[in-house]
Amino acid sequence: LIIVILGLSKILRFLLSLLEKRLTRRKSVLDLVKSLIKYLAVIVLIIWILKLWGVDTAALIASVGILGLIIGLGAQPLIEDVISGLFIVFEQNFDVGDVVVIDGFRGTVQEIGVRTTKIIDVGGDIQVINNSDIRRMINMTSDLSLAICDVAIEYGESLERVEKVISENLERIKNRLPSIVEGPFYKGVSKLADKGVFIRLIARCDENDRYQLVRDLNREIKLIFDENKIYIALPQIIVNEPQTFEAKGVRKGSTNVFVDEQKELSKHIMDDDK
């Protein structure tokens with residue numbers, strides 16, 4: 001009897017392990033099912049052996065039920081954690097491997113247990129959170145994330161010349177940065193600041209690639225500007241008249257079509273300026 005029950009339990013958990021290798025998500029559900037099979041097999045085995053020894057298992061189960069009720073009244077937080085863990089697993093609001101923000105802590109879900117959830121951040125710190133304490137959660141990997149590149153050009157620089165250069169190099173940026181899923185798009189002038197005229201480019205990518213993509217976009221824009229002698233604005237004290245740059249080879253108003261086209265293509269993407 002012991003060999004049959006424990007053998008069946010091990011076979012079922014082995015089959016679930018094979019299924020787990022084929023799935024990139026829902027690992028937490030399989031872990032939970034394997035744990036339930038393991039403990040259920042042991043409980044059934046104990047009850048069956050006691051019955052073979054002549055023990056009144058029906059009365060024993062009733063006694064255990066009453067005892068469980070008494071213990072449960074004094075362990076309500078534990079029960080809340082377990083119930084919340086079951087809801088987390090089966091509602092699938094987040095899964096192992098997702099990047100989430102819970103109570104201001106941002107990290108990757110390492111493990112979803114029946115009682116607690118473990119999250120690891122980029123520094124390797126692990127936060128263990130009771131499932132019942134998860135009230136507000138942001139799943140950063142449920143949709144594509146937004147990478148924003150803001151760069152300031154000098155007021156004396158021709159905005160239309162800069163827009164023409166960007167329009168000619170958007171395809172080049174996309175080809176050089178494979179982490180871009182959608183875009184890049186030119187969103188226009190984001191701010192007129194003391195430092196200079198800020199223009200914005202955006203692209204959508206996986207959350208795990210977002211920060212690196214921002215750095216890569218900054219690098220590509222700097223290289224393109226260097227090639228075309230477009231100067232990035234720097235904090236400065238003006239002691240003479242600022243230099244005015246000529247937009248050679250650029251007809252006035254020629255980039256209006258490009259700007260309108262980019263706004264139309266990216267109108268479904270909201271950046272932080274709304």
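Refer to the structure above for everything that follows.
I will try to describe carefully the structure that is included in this document.

Calculation notes
Residues numbered from 1 in each chain as written. Predicted model: local features only at pLDDT ≥ 70, side-chain atom pairs only at ≥ 80, totals over all residues. Heavy atoms only, no water. Core = buried A, V, L, I, M, F, W, Y, C linked by side-chain atoms within 4.5 Å. Buried < 20%, exposed > 50% of the residue type's maximum accessible area, 1.4 Å probe, protein only. Helix = DSSP H or I, 4+ residues; strand = E, 2+ residues; numbered from the N terminus. Contact = heavy atoms within 4.5 Å. Salt bridge = Lys/Arg side-chain N within 4 Å of Asp/Glu carboxyl O. Axes fitted to C-alpha atoms, helices over the stretch in contact; angles between N-to-C directions. Parallel < 35°, antiparallel > 145°, perpendicular 65-115°, else oblique. Left-handed = near helix turned anticlockwise from the far one by under 90°. Nonpolar A, V, L, I, M, F, W, Y, C, P; charged D, E, K, R; others polar. Patch = residues over 30% accessible without salt bridge, like charges linked within 9 Å, V, L, I, M, F, W, Y side chains within 5 Å. Areas by Shrake-Rupley, 256 points an atom, 1.4 Å probe, with all protein chains shown as cover. Phe/Tyr/Trp six-rings, centres within 6.5 Å; stacked < 30°, edge-to-face > 60°. Lys NZ or Arg CZ within 6 Å of the ring centre and 35° of its normal. Pairing = 2+ DSSP bridges.

Some details on the nonpolar core
Core analysis: the biggest nonpolar cluster contains 25 residues, and Ile-166, Ile-173, Leu-201, Leu-213, Leu-217 and Phe-225 have the highest contact counts within it. Contributions of two or more residues to this core are made by β6 (145–153), α5 (159–176), β8 (197–205), α6 (210–227) and α7 (256–265). Setting aside residues up to four positions removed in sequence, Phe-225 forms contacts with Val-151, Ile-153, Val-162, Ile-199, Ile-230 and Ile-232.

Observations concerning the pattern of salt bridges
Where charged atoms from two side chains of opposite charge come close, those side chains can pair. Here the structure, examined in full by the defined rule, presents eleven salt bridges. A salt bridge links Arg-106 to Glu-207; the shortest N-O distance between them is 2.0 Å. Separated by 101 residues along the polypeptide, Arg-106 in strand β2 (residues 105–112) and Glu-207 in the loop between β8 and α6 bring together distant segments of the chain. A relative accessible area of 3% places Glu-207 in the buried class. The residue Glu-227 makes a salt bridge to Arg-172 at a minimum N-O spacing of 3.0 Å. Note that Glu-227 is positioned in helix α6 and Arg-172 in helix α5, a separation of 55 residues in sequence. Residues participating in the shared-partner salt-bridge network are Arg-106, Glu-207 and Arg-210.

Considerations on unusual backbone geometry
Going from Gly-183 to Pro-184, the amide bond is cis rather than trans, its omega being 0°. Here Pro-184 lies in strand β7 (residues 182–192). Even without glycine at this site, Lys-229 takes up a positive phi of about 55°. When you line up the elements, Lys-229 lands in the loop between α6 and α7. Relative accessible area serves as the criterion here: at 58%, Lys-229 is assigned to the exposed category.

Here's the deal with the packing of α5 against α6
For the pair α5 and α6, the least separation of the axes is 10 Å and the interaxial angle reads 135°. Taken together, the axes of α5 and α6 lie oblique to each other. Relative to α6, the crossing made by α5 is right-handed. Across the interface between the two elements, Val-162, Val-165, Asn-169, Arg-172, Ile-173 and Arg-176 from α5 touch Leu-217, Arg-219, Glu-220, Ile-221, Leu-223, Ile-224, Phe-225 and Glu-227 from α6. Of the residues that constitute the contact of α5 with α6, the class distribution is eight nonpolar, one polar and five charged.

Describing a nonpolar patch on the surface
Taken together, the side chains of Leu-1, Leu-40, Val-44, Trp-48, Leu-52 and Trp-53 define a hydrophobic patch exposed on the protein surface, amounting to about 690 Å² of accessible area. Inspection of the secondary structure assignment puts Leu-1 in the segment before α1 (2–22).

Observations concerning the packing of aromatic side chains
By convention here, two paired aromatic rings are described through the distance between centres and the angle between planes. All told, the structure shown has one aromatic pair when counted by the stated rule. When the ring of Tyr-186 is compared with that of Phe-258, the centres are 5.6 Å apart and the planes differ by 15°; the resulting orientation is stacked. Taken together, the residues Tyr-186 in strand β7 and Phe-258 in helix α7 connect sequence positions 72 residues apart. Comparing Tyr-186 with Phe-258, the two get one shared label, buried. Positioned above the aromatic ring of Phe-198, the side-chain terminus of Lys-191 is 4.8 Å from the ring centre. Positioned over the ring face of Tyr-211 is Arg-210, at 4.6 Å from the centre of the ring.

A look at the sheet that holds β6
Read across the sheet, three strands follow the order β6-β8-β7 without closing on themselves; strand pairing throughout is antiparallel. For this open sheet the edge positions go to β6 and β7, each flanked by a neighbour on one side alone. Averaged over all pairs of adjacent strands, the angle between their axes in this sheet comes to 25°, without regard to strand direction. The pairing of β7 with β8 spans seven bridges and is classified as antiparallel. Bridge pairing in β8 places Lys-191 opposite Phe-198. In the packing of α5 onto the sheet, contacts are made with β6, β7 and β8, and the angle to β7 comes to roughly 155°.

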